[in-house]
Protein chains: 2
Amino acid sequence: MDVLWADRDTLPLDDRGLAYGDGLFETIRVQGAEPLLSARHVQRLISDAHRLAIPVEEATIQSVMRQAVQRYGRSPGADWVLKLMLTRGSGGRGYRLPAHPTPRLIVSAHEAPPIPPREGVAVALASDPLPQEFATAGMKSLNRLPQVLASQGLEGDLWEHLMTDGDGGMLEGTRTNLLARWGDQWLTPPVASLAVAGVARSVAIDWLEREGEALREVSVPLSAIDDDRFQGLLLMNSVTGAVVVTRLGSQSLPCREPVWALRDAINHRMGLNG
Amino acid sequence: MDVLWADRDTLPLDDRGLAYGDGLFETIRVQGAEPLLSARHVQRLISDAHRLAIPVEEATIQSVMRQAVQRYGRSPGADWVLKLMLTRGSGGRGYRLPAHPTPRLIVSAHEAPPIPPREGVAVALASDPLPQEFATAGMKSLNRLPQVLASQGLEGDLWEHLMTDGDGGMLEGTRTNLLARWGDQWLTPPVASLAVAGVARSVAIDWLEREGEALREVSVPLSAIDDDRFQGLLLMNSVTGAVVVTRLGSQSLPCREPVWALRDAINHRMGLNG
């Protein structure tokens, strides 16, 4: 595996990450020198690399993360974002896999975005449905054009666009997964329907299971928000934590106590302050 | 716009073509110094760039193509492939579009693949359906992971994998569009259902319209190949032309005279020899 540092290196133009999005990425919030949820990030990267048949060794990833934290680590308390991109490496023209590719791991450091306000955010619906990905479902691959296009118009007080399936089921945001409170249950769409099965989503699910809460992995129809059983909607990702949705388009959403409590629990388990 | 030559330049690691597949590409067969179907390729690139809001000028593309042909042009009669990738250029972390991006045009030259034999090829079904892309339907974007994965196992005498929608409708190959002969009509899936609306497909459709042939843009169900009205299947792309499918999996397909004639007409109109 070749390791490339974004502040020093450049990419050969025959890299398949560029040509086809043939690769993966992780974005990891780091507090000073401590990457949050690093074990889950590394595990997802390795698991998805296996799905793509990109050869990668955990020890190498771990070593590069340690080097990255040394190189870019800020003073204690200062947050930043470590991004890793893993590509299949160089290849000829054509989709077929090269026989013996040498993957590339690309490392960069970025500003940390603010943690969204505890009092919640307003979101709207994306104009196009989320493609159902089949073989790449849930994979944080470099194929992210649907999310790029769905991010257009995200400005001002609008924090996220929700993407639906073709039948009006809410699936996820452009950069967040979702959990809804429904009666005394939690609902979240199954991984097979998702573009990205997020690390924060897995934190939330593990916490709910440990607490003995009822969780169903099902599509959440848009019409649910008009039902008395609907108690609130949470969005989450591993960089900014969980946030309560107070408004969807022009409609105010209920936000009952369990939803606020789960928001706080996720952020606490992630190690997020604020 | 920055122009990068693959045999000389490298890519900054913050390019959004790498990060998100935020870009497009064209592969153009060149005979000596003559690019085939260059007007259609340029038109598609510009049209899709507008859909992605990537600023690009036709004069620049044309000028770069002329330089490329001078730089890489082979002796008369020698075929090669010119590849253009257009990315949105550098950007920060996050899907949202940078305010004033400078796109990059990346130019490379490649070996020309052989024209498939006139007597036809054997294909099989891909194991996963083709995702329905919605906002990016028909666009030759850099998001090509489904095609990469569907290309696995393409070896030996197997020339292509056909991808279906979730309901068993044949949509396209990993690198080809399809046309079926059905009674006295031609069938081809509509652009809204396609990953790539190919240049060779547009050549074929224009030819059929000029000849007054009946063409319907509909999904072609797999079950159609068992019907007496099914008369044959053609695959096509702009680099290797059109080819008749003689076998799908373990099943021999009929190949009636109009199918052979359309194959020859497409290749003739593309300027392909053989």
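Residues numbered from 1 in each chain as written. Chains lettered and ligands numbered in written order. Predicted model: local features only at pLDDT ≥ 70, side-chain atom pairs only at ≥ 80, totals over all residues. Heavy atoms only, no water.

> Describe in detail the overall build of chain A, supporting the description with residues and values.
A count of helical and extended segments in chain A gives 6 helices and 16 strands. At 19 Å, chain A has a C-alpha radius of gyration in line with the 19 Å of a compact globule built from 274 residues. Expressed along its principal axes, the backbone C-alpha trace of chain A runs to roughly 55 × 45 × 40 Å. Classification of the 274 residues of chain A by burial places 57% in the buried group. Considering only contacts in chain A between residues 6 or more positions apart, those separated by 24 or more positions represent 73%. Summing over all exposed atoms, chain A offers an accessible surface of approximately 10700 Å²; the carbon and sulfur share of this is 47%. Taking the average location of the 27 positive side-chain charges in chain A and that of its 33 negative ones, the two points are 4 Å from each other. (Helix = DSSP H or I, 4+ residues; strand = E, 2+ residues; numbered from the N terminus. Rg over C-alpha atoms; globule rule 2.2 N^0.38 Å. Buried < 20%, exposed > 50% of the residue type's maximum accessible area, 1.4 Å probe, protein only. Contact = heavy atoms within 4.5 Å. Areas by Shrake-Rupley, 256 points an atom, 1.4 Å probe, with all protein chains shown as cover. Lys, Arg positive; Asp, Glu negative; His and termini not counted. Charge placed at Lys NZ, Arg CZ, Asp CG, Glu CD.)

> Could you give an account of the pattern of salt bridges, naming the residues involved and the relevant values?
Residue and element names in this part refer to chain A. Tallying each qualifying case throughout the model produces 32 salt bridges over all chains. The shortest N-O distance in the salt bridge between D264 and R118 comes to 2.6 Å. Of this pair, D264 sits in helix α6 (residues 257-270) while R118 is found in the loop between β6 (104-111) and β7 (121-125), placing the two residues 146 residues apart along the sequence. Relative accessible area serves as the criterion here: at 28%, D264 is assigned to the partly exposed category. (Salt bridge = Lys/Arg side-chain N within 4 Å of Asp/Glu carboxyl O.)

> Kindly report on the environment of L84(B), identifying the contributing residues and their values.
Residue and element names in this part refer to chain B. One can find L84 in strand β5 (residues 79-87). Along the backbone, L84 and T27 are 57 residues apart, and their C-alpha atoms lie at a distance of 6.5 Å. The residues touching L84, leaving out its near neighbours within four places in the chain, are L24, F25, E26, I28, L45, I61, M65, L105, I106 and V107.

> Go over the relation of the copies chain A and chain B, please, and point to the residues and values.
It takes a turn of 180° to lay chain A on chain B, together with a shift of 0.0 Å along the axis; the resulting RMSD is 0.0 Å. The superposition of one copy onto the other is thereby described by a two-fold rotation axis. (Least-squares fit on C-alpha atoms with pLDDT ≥ 70 in both.)

> Would you mind going over the domain arrangement of chain A in detail, with residue names and values included?
Residue and element names in this part refer to chain A. Each assigned domain of chain A is listed here: domain 1 (2-111) and domain 2 (121-270). One C-alpha centre belongs to domain 1, the other to domain 2, and the line joining them spans 26 Å. Taken together, the 21 residues of domain 1 in the interface contact 22 residues of domain 2. Summed over both sides, the interface between domain 1 and domain 2 buries roughly 1700 Å², with carbon and sulfur atoms accounting for 59% of that surface. Among the residues domain 1 hides against domain 2, the three largest losses belong to F25, R40 and R44. Together they make up 34% of the total. Here domain 1 is connected to domain 2 by 1 salt bridge. Of the charged contacts, one joins D206 and R40 as a salt bridge, the two residues approaching to 2.9 Å between their closest N and O atoms. Between the two partners, domain 1 and domain 2, sit 13 residue pairs in polar contact (both at pLDDT 80 or more). (Domains from an automatic or database assignment. Buried area = accessible area lost by both parts, 1.4 Å probe. Polar contact = N/O pair within 3.5 Å; in protein donor to acceptor, adjacent residues only side chain to side chain.)

> Provide a residue-level description of the interface of chain A and chain B, including the pertinent values.
At the junction of the two partners, chain A supplies 59 residues and chain B supplies 59 residues. Carbon and sulfur atoms make up 68% of the area that chain A and chain B hide from each other, which totals about 4600 Å². For the chain A face of the interface with chain B, the top three residues by lost area are L13(A), R93(A) and Y95(A), together amounting to 19%. The interface formed by chain A and chain B includes 0 salt bridges. Those elements that provide at least two residues to the side of chain A that touches chain B are β1 (2-5), β2 (10-12), α1 (16-20), β3 (23-31), β5 (79-87), β6 and α4 (145-150) of chain A. Where β2(A) lies against strand β2 (residues 10-12) of chain B, 3 bridges are found, and the strand directions are antiparallel. (Pairing = 2+ DSSP bridges.)

> Give me the pairing of strand β9 (residues 169-173) of chain A: which residues, what numbers.
Residues and elements named next belong to chain A. Most of β9 is tucked away: 5 of the 5 residues are buried. Taken together, the 3 bridges between strand β8 (residues 158-164) and β9 define a ladder with antiparallel strand orientation. Within β9, the residue paired with T164 across the bridge is M170. Between β8 and β9, which pair antiparallel and follow one another directly, the connecting turn spans 4 residues, one of which, G168, has a positive phi of 80°. Where β9 meets strand β13 (residues 220-221), 2 bridges bridge the pair, whose relative direction is antiparallel. From the neighbouring strand, G169 faces β13, where its bridge partner is P221.

> Give me the packing of aromatic side chains: which residues, what numbers.
Within this structure, the stated rule accounts for 8 aromatic pairs over all chains. For the pair Y20(A) and F25(B), a centre-to-centre distance of 6.2 Å together with 75° between the ring planes defines the contact as edge-to-face. One end of the pair, Y20(A), is in helix α1; the other, F25(B), is in strand β3 (residues 23-31), on a second chain. Just as Y20(A) is buried, F25(B) falls in that class too. Taken together, the ring pairs connect W5(A), Y72(A) and W80(A) into an aromatic cluster. (Phe/Tyr/Trp six-rings, centres within 6.5 Å; stacked < 30°, edge-to-face > 60°.)

> Account for the environment of L36(B), with residues named and values stated.
Residue and element names in this part refer to chain B. Looking at the element boundaries, L36 is found in the loop between β4 (34-35) and α2 (38-51). Taking the relative accessible area as the measure of exposure, L36 reaches 4% and is therefore buried. Remark: the alpha-carbon pair of L36 and T87, spanning 51 residues in sequence, is separated by 23 Å. For L36, the contacting residues outside a window of four places in its chain are I28, R29, Q31, H41, M270, G271 and L272.

> Explain the sheet that holds strand β1 (residues 2-5) of chain B to me, and be specific about the residues and the numbers.
One key point about sheets: their strands pair by backbone hydrogen bonds, in either a parallel or an antiparallel sense. Residues and elements named next belong to chain B. Read across the sheet, 5 strands follow the order β1-β6-β5-β3-β4 without closing on themselves; strand pairing throughout is mixed. The outermost strands of the open sheet, each flanked by one partner alone, are β1 and β4. In this structure, β3 lies alongside β4, joined through 2 bridges in antiparallel fashion. Opposite Q31, over in β4, you have E34 as the bridge partner. The strands that α2 touches are β3, β4 and β5; relative to β3, the one it contacts most, it runs at about 175°. (Axes fitted to C-alpha atoms, helices over the stretch in contact; angles between N-to-C directions.)

> Lay out helix α2 (residues 38-51) of chain A in plain terms, naming residues and giving numbers.
Counted at 1.5 Å a residue, the expected span for α2(A) with its 14 residues is 20 Å, and the 20 Å between its end C-alpha atoms agrees. Looking one or two residues beyond α2(A), the residue adopting positive phi is A53(A), at roughly 60°. (Expected span 1.5 Å × (residues − 1).)

> Break down the pairing of strand β15 (residues 241-248) of chain A for me, with residues and values.
Residue and element names in this part refer to chain A. A large share of β15 lies buried, amounting to 6 of its 8 residues. Where strand β14 (residues 230-237) and β15 come together, 4 bridges link them in antiparallel fashion. Considered in β15, the bridge of N237 is made with G241. The antiparallel hairpin formed by β14 and β15 contains 3 residues in its connecting segment.

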